[in-house]
Amino acid sequence: MPLRLTRPTATVLLALSRGFRHGFDILDATGLESGTVYPILRRLEDAGCVRSEWEEVERAREEGRPPRRYYELTGTGAGTLREALARYPEARGTAVPGGLRPRPA
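These notes cover the structure that comes with them.

Conventions we followed
Residues numbered from 1 in each chain as written. Predicted model: local features only at pLDDT ≥ 70, side-chain atom pairs only at ≥ 80, totals over all residues. Heavy atoms only, no water. Buried < 20%, exposed > 50% of the residue type's maximum accessible area, 1.4 Å probe, protein only. Helix = DSSP H or I, 4+ residues; strand = E, 2+ residues; numbered from the N terminus. Contact = heavy atoms within 4.5 Å. Axes fitted to C-alpha atoms, helices over the stretch in contact; angles between N-to-C directions. Left-handed = near helix turned anticlockwise from the far one by under 90°. Parallel < 35°, antiparallel > 145°, perpendicular 65-115°, else oblique. Nonpolar A, V, L, I, M, F, W, Y, C, P; charged D, E, K, R; others polar.

### As for helix 1 (residues 7-17)
Line of reasoning, step 1. Judged by how many residues are buried, helix 1 sits mostly within the fold: eight of eleven residues are covered.
Line of reasoning, step 2. Among all positions in helix 1, only T9, A10, T11, V12, L13, L14, A15 and L16 are buried.
Line of reasoning, step 3. Where helix 1 is buried, its residues meet helix 2 (23-30), helix 3 (34-46), strand 1 (50-54), strand 2 (69-73) and helix 5 (75-87).
Line of reasoning, step 4. One or two steps after helix 1, the chain reaches G19, where phi turns positive at roughly 100 degrees.

If you want it as structure tokens, here you go:
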């Protein structure tokens, strides 16, 4: 099934390209709801645009939080981002409201 490119998908791809790598950071950067972002991430991963990896549980325990799943744009994802931004150029201004910076991993 071909990937459906929507404006929220473009926004998530852009956030990933700017270094936002785990779910909460992507939520903050995009202003999208979790019910939108996580399904998009699953579809992007199924399409080979994103790969993910769970962090080690020990690190999360040391920081007193649940383990994070980190996402990374693939080469295919970079091409999909270019296509998405050509379709939704306005996404460039909405992906990172307020100029947020990625949190340390």
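### Side note on the packing of helix 1 against helix 2
Line of reasoning, step 1. In the contact formed by helix 1 and helix 2, the axes pass within 10 Å of each other and the chain directions differ by 115 degrees. You can see that helix 1 and helix 2 cross each other, and the crossing is right-handed. For the pair formed by helix 1 and helix 2, the contact residues are T11, V12, A15 and L16 on the first element and I26, A29 and T30 on the second.

### A look at the packing of helix 1 against helix 3
Line of reasoning, step 1. At a minimum axis separation of 10 Å, helix 1 and helix 3 run at an interaxial angle of 75 degrees. On the basis of their axis angle, the class for helix 1 and helix 3 is roughly perpendicular. Residues P8, T9, V12, L13 and L16 of helix 1 touch helix 3, and the partners they reach there are T36, V37, I40, L41 and L44.
Line of reasoning, step 2. Taken together, the residues of the contact of helix 1 with helix 3 break down into eight nonpolar, two polar and no charged.

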